[in-house]
Amino acid sequence: MIRVGIFGVTGYAGYELARWLQRHPKASLVWAVSESAAGKRLAEVVPGPLDLTLLAANQVDWQTVDVIFTGLPHGVAAKTVAEARQNGVKAIDLSADLRLDSPAAYTRWYDHTHPHPELLNAPYGLPELNRAALVDVPTIANPGCYPTSVLLGLAPLLEQGWWQTGQTIIINAASGVSGAGRAPKQHLHFVEAHENYSPYNIGHTHRHVGEIEQELNKLANAAVNTIFAPHLLPTQRGILSTIYVPIQPELDLAQIHALYRERYANEPFVNVLDQGQLASLAHVVHTNDCAVGLTLAQPGMLIVTSAIDNLLKGASGQAIQNMNIMFGLPETTGLR
Ligand SMILES: NC(=O)C1=CN([C@@H]2O[C@H](COP(=O)(O)OP(=O)(O)OC[C@H]3O[C@@H](n4cnc5c(N)ncnc54)[C@H](OP(=O)(O)O)[C@@H]3O)[C@@H](O)[C@H]2O)C=CC1
Ligand SMILES: CC(=O)N[C@@H](CCC(=O)OP(=O)(O)O)C(=O)O
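All of these numbers come straight from a predicted model, not from anything done at the bench.

Engineer: When you look at the site of ligand 1 in this model, what are you seeing that I'm missing?
Structural biologist: As a structural note, the neighbourhood of ligand 1 is formed by 28 residues, with Gly-11, Ser-34, Ser-36, Ser-95 and Gly-181 the closest of them. Among the residues making up the shell around ligand 1, the classes are represented as 11 nonpolar, 15 polar and two charged. When residues are assigned to domains, the shell around ligand 1 turns out to be shared by domain 1 (2-142 + 315-326) and domain 2 (146-308), each giving three or more.

Okay, structure coming up:
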């Protein structure tokens, strides 16, 4: 059994992780930390079936776990990961603290100095792109939710060099409200979000742009320029990214569809839809899947639709997939 600790279990991602770990046949949740509710029962804080006594961070016994998950805000998570490493415990970080390749990039997108720049050497945990780098490592940077949908939607095309180098890729994306976390904020208030659909941080301002372009550059082996337009969607969960990609004008849809099907043929969590189908939230919510739809809008312009559940393939499901790889288990263990 893999012995697990969770930090931030009262948060949306941490709680989802705890729920799925209950059903994992090879992992056992040993303890869970909550700063704001230490000493209480989890069921008192988050209504639901999970019940265990919450610990404060300074109460944990590091010797009792093999790995921790950090479902903490960025800036906070890195300090906990550093403590885990000092105690010889592996860590999978759901925040953005381990994802960027350099301290300068982190400061650019997160507006503060990285508290532990030595942790930025963690491999980027998108198994479909980076599986070999995740086996038996001490730390994994779990990818962002929007980046996961975008990278899986574009990887085959960029790896193959079938996009138009130098042209801008436009990403129009929408996320359910759980993507913003549990802390109340005015724009997440029911009256503001329900039956509304609103863009935010559009242009080059959303912090995921740095992560998306960093990883797209690696896939394409070239500088990839994007325009990213996120929206708040009045659902509980789910992300849909609609991506406009300039491609080589001679390519037809059958060729592109065959490329995607071949690239993802052995990927248990990527579902390349039949030609003519478009990805939607209904394909993926409450699963660890990414659904990808392909449409040739006109010669030279492909539209990719890529859908995930932000709390699963976008966070906790992917984190369990990463744990499975880290410990040499079949990747789908506990995720079906
Ligand atoms: N929601 C999503 O769809 C996704 C989230 N992520 C990332 O995962 C992490 C967790 O996200 P999510 O679960 O949505 O966030 P939430 O806001 O729902 O939960 C974060 C939890 O962190 C704990 N916490 C500990 N220290 C602090 C602190 N100083 N300030 C605020 N909270 C603190 C809180 O629990 P307590 O007080 O009990 O300790 C809180 O419940 C974030 O880094 C987020 O960016 C990544 C991908 C998708
Ligand atoms: C709807 C909404 O607000 N979504 C969040 C998604 C970010 C997130 O979840 O954080 P990670 O970087 O850890 O993936 C946002 O846009 O900031």
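Having seen it, we continue.
Engineer: Quick question: what am I supposed to make of the UniProt feature "active site" (unreviewed entry) in the protein here?
Structural biologist: Here the UniProt-annotated "active site" (unreviewed entry) positions come out as Cys-145. As for its placement among the helices and strands, Cys-145 is situated in helix H6 (residues 145-160). Looking at Cys-145, the number of C-beta atoms within 10 Å reads 29, which means it is buried. Beyond its immediate stretch of four places on either side in the chain, Cys-145 contacts Ser-175, Gly-179, Ile-239, Asn-310, Gly-314 and Ala-315.

Engineer: Hey, could you run me through the nonpolar core in this one?
Structural biologist: What tends to happen in soluble globular proteins is that the nonpolar side chains get buried as a cluster. Judged by nonpolar contacts, the single largest core of 91 residues is most densely connected at Ile-6, Ala-32, Ile-68, Leu-154, Cys-290 and Val-292. Sorting elements by how many residues they give to this core places H6 first, with nine residues. Taken together, domain 1 (2-142 + 315-326) and domain 2 (146-308) each give at least three residues to this core, which thus spans both.

Engineer: In this structure, what is going on with the sheet that holds strand S8 (residues 226-232)? I would like to understand it.
Structural biologist: Where strands meet in a sheet, backbone hydrogen bonds hold them as pairs that are either parallel or antiparallel. Strand order in the open sheet made by the seven strands is S7-S8-S6-S9-S12-S11-S10, with mixed pairing throughout. Of all the strands in the sheet, the pair left with one neighbour each is strand S7 (198-199) and strand S10 (270-272). Where S7 and S8 come together, two bridges link them in antiparallel fashion. Opposite Ser-198, over in S8, you have Leu-232 as the bridge partner. Most of the contacts of helix H9 (residues 253-263) go to strand S11 (residues 290-298), to which it runs at about 165°, and overall it touches S10, S11 and strand S12 (301-308).

Engineer: How do you make sense of unusual backbone geometry when you look at a structure like this?
Structural biologist: Trans is the prevailing form of peptide bonds, just as negative phi is the prevailing case for residues other than glycine. Unusually for a residue other than glycine, Asn-201 sits at a positive phi of about 45°. Residue position: Asn-201 is located in the loop between S7 and helix H8 (208-220). Take Asn-201: there are 14 C-beta atoms within 10 Å of it, and that puts it in the partly exposed class. Of note, His-286 is a non-glycine position whose phi angle comes to about 65°, a positive value. Here His-286 lies in the loop between S10 and S11. Taking the C-beta count within 10 Å as the criterion, His-286 has 12 such neighbours and is therefore assigned exposed.

Engineer: I'm lost on the packing of helix H1 (residues 12-22) against helix H10 (residues 316-326) in this one. Help?
Structural biologist: A pair of packed helices can be characterised by two numbers: the angle between their axes and the separation between those axes. At a minimum axis separation of 9 Å, H1 and H10 run at an interaxial angle of 55°. Taken as axis vectors, H1 and H10 run oblique relative to one another. Regarding H1 and H10, the two cross each other, and that crossing is right-handed. Each of Ala-13, Glu-16, Leu-17 and Trp-20 in H1 lies in contact with H10, whose residues at this interface are Ser-316, Gly-317, Ala-319 and Ile-320. Looking at the contact of H1 with H10 residue by residue, the class counts come to five nonpolar, two polar and one charged.

Engineer: What am I meant to see in the site of ligand 2 here?
Structural biologist: Ligand 2 sits among Ser-95, Ala-96, Gly-144, Cys-145, Ser-175, Gly-179, Ala-180, His-208, Pro-230 and Leu-232. The residue makeup of the shell around ligand 2, split by class, is five nonpolar, five polar and no charged.

Engineer: I would appreciate a short explanation of the packing of H6 against H8 in the present structure.
Structural biologist: Running from amino to carboxyl end, H6 crosses H8 at an angle of 20°, the nearest separation of the two axes being 10 Å. The orientation of H6 with respect to H8, classified from their angle, is roughly parallel. Judged by the twist between their axes, the crossing of H6 over H8 is right-handed. Along its contact with H6, which presents Tyr-146, Pro-147, Val-150, Leu-151, Leu-154, Ala-155, Leu-158 and Glu-159, the element H8 presents His-208, Glu-211, Ile-212, Glu-215, Leu-216, Leu-219 and Ala-220.

About the cut-offs
- Residues numbered from 1 in each chain as written.
- Chains lettered and ligands numbered in written order.
- Predicted model: local features only at pLDDT ≥ 70, side-chain atom pairs only at ≥ 80, totals over all residues.
- Near = placed C-beta within 6 Å.
- Nonpolar A, V, L, I, M, F, W, Y, C, P; charged D, E, K, R; others polar.
- Domains from an automatic or database assignment.
- UniProt positions renumbered as here; feature names shortened; annotations may be inferred.
- Helix = DSSP H or I, 4+ residues; strand = E, 2+ residues; numbered from the N terminus.
- Buried ≥ 20, exposed ≤ 12 C-beta atoms within 10 Å, placed from the backbone.
- Contact = placed C-beta atoms within 7 Å.
- Core = buried A, V, L, I, M, F, W, Y, C linked by C-beta atoms within 7 Å.
- Pairing = 2+ DSSP bridges.
- Axes fitted to C-alpha atoms, helices over the stretch in contact; angles between N-to-C directions.
- Parallel < 35°, antiparallel > 145°, perpendicular 65-115°, else oblique.
- Left-handed = near helix turned anticlockwise from the far one by under 90°.

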